[in-house]
Amino acid sequence: MKEKIISVINQKGGVGKTTTVINLAAGLSQNNKKILVIDLDPQGNSTTGLGLLNISQSSNSIYEVLSGSKKIDDVISKTKFSNLDIITSNVDLSGLEVETADDGRRAYILKEKLAAYLNDSRGRYDYVLIDCPPSLSLLTVMALVASHSLLVPLQTEFFALEGITQLIKTIDRIKVGLNPNLEIRGILLTMFDKRNRLSSEVELEARNYFKEKVYKNVVPRNVRLSEAPSHGMPVIFYDKNCPGSKSYLNFTKEFLAQEESFVTAA
Ligand SMILES: Nc1ncnc2c1ncn2[C@@H]1O[C@H](COP(=O)(O)OP(=O)(O)OP(=O)(O)O)[C@@H](O)[C@H]1O
Ligand SMILES: [Mg+2]
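Not measured: the values here are computed from a predicted model.

Engineer: Could you clarify how one ought to interpret the sheet that holds strand E7 (residues 183–190) in this entry?
Structural biologist: Pairing between the strands of a sheet is mediated by backbone hydrogen bonds and can be parallel or antiparallel. Within the open sheet, the seven strands sit side by side as E3-E4-E2-E5-E1-E6-E7. Their pairing is mixed. Across the chains shown, the open sheet's two edge strands, defined by having one partner strand only, are strand E3 (76–78) and E7. The sheet shows a mean angle of 25 degrees between the axes of neighbouring strands, direction not considered. Pairing between strand E1 (residues 4–8) and strand E6 (residues 149–155): three bridges, direction parallel. Across the sheet, Val8 pairs through a bridge with Leu151, a residue of E6. Sheet contacts for helix H1 (residues 17–30): E1, strand E2 (35–39), strand E4 (84–87), strand E5 (127–131), E6 and E7; angle to E5, the most-contacted strand, approximately 165 degrees. Packed onto the sheet, helix H8 (residues 160–177) meets E6 and E7 and runs at close to 165 degrees relative to E6.

Engineer: Looking at this structure, how should I read the pairing of E4?
Structural biologist: Looking along a regular strand, one sees the side chains alternate between the two faces of the sheet. Because side chains alternate across E4, one face comprises the buried residues Leu84 and Ile86, and the other comprises Asp85 and Ile87, equally buried. One ladder, built from three bridges, connects E3 with E4; its direction is antiparallel. When the sheet's bridge partners are listed, Ser77 is paired in E4 with Ile86. In this antiparallel pair of consecutive strands, E3 and E4, the connection spans five residues, and Asn83 shows a positive phi of 65 degrees.

Engineer: Teacher, can you tell me more about the site of ligand 1 here?
Structural biologist: For ligand 1, the set of nearby residues contains 18 residues, the closest of which are Lys17, Thr18, Thr19, Pro220 and Asn222. Between Gly16 and ligand 1, the recorded distance is 3.0 Å, taken from a backbone N or O atom to an oxygen atom. A distance of 2.9 Å is found between a nitrogen atom of ligand 1 and a backbone nitrogen or oxygen belonging to Asn222. Across the complex, the protein chains shield 81% of the 630 Å² of accessible surface that ligand 1 would expose by itself. Elements with a minimum of two residues in the shell around ligand 1: H1 and helix H10 (223–227). Ranked by residue count, the leading element in the shell around ligand 1 is H1, at three residues. Class assignment for the residues of the shell around ligand 1 results in six nonpolar, eight polar and four charged.

The rules behind these values
Residue numbering note: each chain is counted from 1, following its sequence as written. All chains are assigned letters beginning with A, and all ligands numbers beginning with 1, in the order in which they are written. Per-residue local features of the predicted model are confined to residues with pLDDT of at least 70, and side-chain atom pairs are confined, for both listing and counting, to 80 or more; whole-chain, interface and lining totals are unaffected and use all residues. Side-chain measures here rest on the full set of heavy atoms in the structure, leaving out hydrogens and waters. Two strands make a pair as long as DSSP finds a minimum of two bridges between them. Each helix is a run of DSSP H or I of at least 4 residues and each strand a run of E of at least 2, with the numbering of both proceeding from the N terminus. Fitted lines through C-alpha atoms serve as axes, helices being fitted only where they are in contact, and the angles separating the N-to-C directions of these axes extend from 0 to 180 degrees. Throughout, a residue-residue contact means that at least one pair of heavy atoms, one from each residue, lies within 4.5 Å. Here's how the labels work: a residue is buried when its accessible area is under 20% of the maximum for its type, exposed when over 50%, partly exposed in between, all with a 1.4 Å probe on protein chains only. Neighbouring residues are identified by heavy atoms, a residue being near a molecule or strand if any of them is within 4 Å of it. What qualifies as a polar contact is a pair of N or O atoms within 3.5 Å, subject to a donor-acceptor requirement within protein and to the restriction that residues adjacent in sequence count only when both atoms come from side chains. Accessible surface is estimated by sampling points in the Shrake-Rupley manner with a 1.4 Å probe; for residues, cover comes only from the protein chains shown. Each residue gets one of three labels, nonpolar for Ala, Val, Leu, Ile, Met, Phe, Trp, Tyr, Cys and Pro, charged for Asp, Glu, Lys and Arg, and polar for the others, Gly among them.

Everything listed here is a matter of coordinates, which is why it stays silent on function.
Right under this line is the structure:
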């Protein structure tokens, strides 16, 4: 399996997970990387943000895969952007936790389905990016078990770091049993407001604590980033010169450069 499976995760709501999935996916696809986004949030924001409908009647979503009625191959949708496919989500997904309550191995479902798919479709994707819901529920655990590494968006606001300590505890617990090789690939500071002193304070605190795990590129607060999803497109296609686009394109470069450093280190 050559694909890298990366979850974008933070149990805190509204910190920029979906925005990061959509725009990193777009940035990577522009760099000739083949990307599969998996929308694992019943809210379906990355589904709509990438121009697909998340109508509740759709029977080709991640829900059908996790509940066992379809294979990954059957539910991959193309987006209108090249190199960028998606497995959509819809509100059905919120019932999964209750529906699978009797299944003792349910935490492994996503990992196993993905492995089965990726193993017999060699070379199709370079990265699988999973958009997680804002909770530490079953869906998030499934993502943690299925992933090679994690990207954590951190909103530069008060309380940002408190939530992350809880996330790290959860990650550590998953590492003990379910996925020993899991690691945080990096922390991305989001919604940075240079006029607000708090933003800089949170940045400083995050860099002091997490050191080089924190990406050098920081995503500013930029209204274009919040407008783009309602047009069903990543910001780099919506307004490629806005500060939000520039920051995500630079972040994409930093993300790709990380890969080279892994190769050198190996
Ligand atoms: N850098 C930014 N500047 C301005 N608005 C932003 C920025 N990043 C995200 N937003 C907006 O803030 C809101 C929350 O962002 P997003 O949906 O990416 O967060 P999330 O962590 O995925 O939320 P949830 O936990 O609900 O899934 C959205 O309306 C989004 O468009
Ligand atoms: Mg989201």
